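One letter stands for each residue in the lines below.
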Amino acid sequence: MARIIGAVACSHTPTIGFAFDKKKQQDPVWAPIFEAFGPAQRWLADNKPDVLFFIYNDHVSSFFFDHYSAFSLGVGERHEVADEGGGARDLPALAGHPALAQHIGRSLVADEFDMSFFQDRALDHGVFSPMSLLCPHEPDWPIPVVPLQIGVLQSPVSSARRCYRLGQALRRAIESYPEDLKVAIVATGGLSHQVHGERAGFNNTAWDAQFLDLIENDPVRLTEMTQAELATLGGMEGAEVIMWLVMRGALSSNVRKTHQSYYLPSMTGIATAIYENLASPPVAGEVQRHRRHMDQQLAGIEALEGSYPFTLETSVRAYRLNKFLHGMTRPEHRARFAADQEAAFEAAGLTAPERDLVRRRDWRGLIHYGVIFFMLEKLSAVVGVSNLHIYAAMRGQSLEEFQQTRNAPGALYSVAGKDAAPQTWNKS
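Residues numbered from 1 in each chain as written. Predicted model: local features only at pLDDT ≥ 70, side-chain atom pairs only at ≥ 80, totals over all residues. Heavy atoms only, no water.

Caption draft 1: Just the pattern of salt bridges, in detail. Scanning the model with the defined rule gives 14 salt bridges in all. In this structure, Arg171 engages Glu175 in a salt bridge whose closest nitrogen and oxygen atoms are separated by 3.3 Å. Placement of both Arg171 and Glu175 in helix H5 (residues 160-175) is noted, with a separation of 4 residues, approximately one turn of the helix. By relative accessible area, Arg171 is classed as partly exposed at 22%. For Arg359, the salt bridge goes to Glu342, with nearest N and O atoms at 2.9 Å. Taken together, the residues span a long stretch of sequence, with Arg359 in helix H15 (residues 352-359) and Glu342 in helix H14 (residues 341-348) at a distance of 17 residues. Residues participating in the shared-partner salt-bridge network are Asp356, Arg360 and Asp362. (Salt bridge = Lys/Arg side-chain N within 4 Å of Asp/Glu carboxyl O. Helix = DSSP H or I, 4+ residues; strand = E, 2+ residues; numbered from the N terminus. Buried < 20%, exposed > 50% of the residue type's maximum accessible area, 1.4 Å probe, protein only.)

Shown next as C-alpha cells:
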C-alpha cells in the first residue's frame, strides 16, 4: 500500500523562480532563499519519494473565472509550464501519475468532496517556483507530481476547516492505494503578504512565527479561523495558507519537524519546513472498508450490459481523441476537418486505431474505445448524421429497425447548428 512519508511546506512566490533563473545563488539578497530550500532538497533526495502530491493555487494563468472550482485535481499524464505573460520559463514539463491521481479523485468524491479534474492545463509559479529549488531537472524532473489546485482567489473560498478535512480524506485516499508507493506532500503558499490595494506590501512577521508554531503543534486552532481573520493577520493573499492545512490534515497528529526557515526579502514571508509523518500503519480492515466505500456508487455496474461508465481512467486514456472530437465546436477545426480529414488527424497526433475509428464512423467502436457519447454527437452534426443513426448503429440495428422501437418512429434530430453539413435525413 502507499504511504505518506512526510511533507515539505514552502512559499511559492515568483521571486523564487526569478532568483533561480537569474542564477542569484551567490547574491546576498537572494542567497538565503537557496539556503532555506537546501534541506528540503536534500530530504527529498535522501528519502526518494515515488510521487509528490503538490498543493498550490493557480494565479489566473491556466484557470480563469469562466469556470473556477474550489478543488481541482490534475489527473493527466503531463503538466507543462504555464506562460504567465512573458513566455513560459525554460523548464521541462512534469510527469503526472494518473493512476494514483485517479484513485485519489475517486476516494475524495466518495468522501463527499465535490472535486473537479483537469488535464492538459499548464502549471504556473505556484508549482514551478518551489520545484525549481526542490529538485534538479536536467534533463527531466526525477519525481512525478499529482497537483491539487485550490481556488483561493475568488470568494467564497473553502474554509480552513474544510481544507483540513480534505487533508484527512487525502490521507485515507493515499493509504488505500494498492501499489507500494512512498508519497511526499508539498504544500505551498504564503506566508503573510498582500499584493493589491492600498494595503499592498503588508507583512506580519509575528503572525508568521505564530502560524508556523500552530501548523506544527495545534493545527485545529487554525481551522477555526475565518478568511477575514487570516487576512487581517497575514494579508489578503496571505490567507492562502489554508493550503498548508490540507497538508497538515494528511499527516499524523504528531509530526517530527526536521527543518524550518523564514526569510522576508520583499513582499512575501518565504518559509520552508519539513514535517516527517509519524502515522502508524492502517489498522486491520481499515483499508478494505475504505475501498468498498470508494466502489459503492458503481458496485454492480459491470452487470449492466451494453453500458460503459465514463470514469477518470477512461477520460485520461481517451483524452486525445475526445479532445479532437470536442474541437468540432470550433469553426476553424470543422473547416480543417472538412477540407482534409487526414491532415486534421495528423495535426492532432491521433494514433492509427483512433484515425480508423473516426474514418469509418464506427460509433459503437468509438464508445468502446472511451469516447463519451456527446463527442459522437458533435462529430455527427459536422458530417450530417442524426443522433438516431448513431443509436441504431450502437445497437447493431438499421435506422428503420431502431425507429420501430420508438414511440414516434419518424422523429430524427441532431445538435447541428447553422454551419453544419447538409442534414440529408431531414426531409423538412
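Back to the text.
Caption draft 2: A look at the side chain of Gln119. Within the secondary structure layout, Gln119 lies in the loop between strand E6 (116-118) and helix H4 (125-134). Overall, Gln119 belongs to the buried group, its relative accessible area being 14%. A distance of 3.1 Å separates the side chain of Gln119 from the side chain of Ser315, its partner in a polar contact. Aside from chain neighbours lying at most four places away, what touches Gln119 is Val75, Gly76, Ser315, Val316 and Tyr319. (Polar contact = N/O pair within 3.5 Å; in protein donor to acceptor, adjacent residues only side chain to side chain. Contact = heavy atoms within 4.5 Å.)

Caption draft 3: Broad picture of the pairing of strand E3 (residues 71-74). Residue alternation in E3 divides its side chains into two sets, Phe71 and Leu73 and Ser72 and Gly74, and both sets are buried. In this structure, E3 lies alongside strand E7 (residues 145-150), joined through 3 bridges in antiparallel fashion. The residue of E7 that forms the bridge with Ser72 is Gln149. Where E3 lies against E6, 3 bridges are found, and the strand directions are parallel. The partner of Gly74 across the bridge, within E6, is Phe118. (Pairing = 2+ DSSP bridges.)

Caption draft 4: Just helix H3 (residues 98-110), in detail. The terminal C-alpha atoms of H3 lie 18 Å apart, and with 13 residues this matches the ideal 18 Å at 1.5 Å per residue to within 8%. One or two positions beyond H3, positive phi appears at Glu112, with a value near 70°. (Expected span 1.5 Å × (residues − 1).)

Caption draft 5: How the structure looks around the packing of aromatic side chains. Evaluation of the coordinates by the stated rule reveals 14 aromatic pairs. With a centroid separation of 6.3 Å and an interplanar angle of 65°, the aromatic rings of Phe71 and Phe113 are classed as edge-to-face. One end of the pair, Phe71, is in strand E3; the other, Phe113, is in the loop between H3 and E6, and 42 residues separate them in sequence. Residue Phe71 is classed as buried on the basis of its relative accessible area, which comes to 4%. In this structure Phe113 comes out as buried when scored by relative accessible area, which is 3%. Here the aromatic cluster, defined as three or more aromatic residues joined through ring pairs, consists of Phe373, Phe374, Tyr391 and Phe402. The cationic tip of Arg121 hangs over the ring face of Phe63; the distance from NZ or CZ to the ring centre is 4.7 Å. A cation sits over an aromatic face here: Arg199 above Phe202, 3.8 Å from the ring centre. (Phe/Tyr/Trp six-rings, centres within 6.5 Å; stacked < 30°, edge-to-face > 60°. Lys NZ or Arg CZ within 6 Å of the ring centre and 35° of its normal.)

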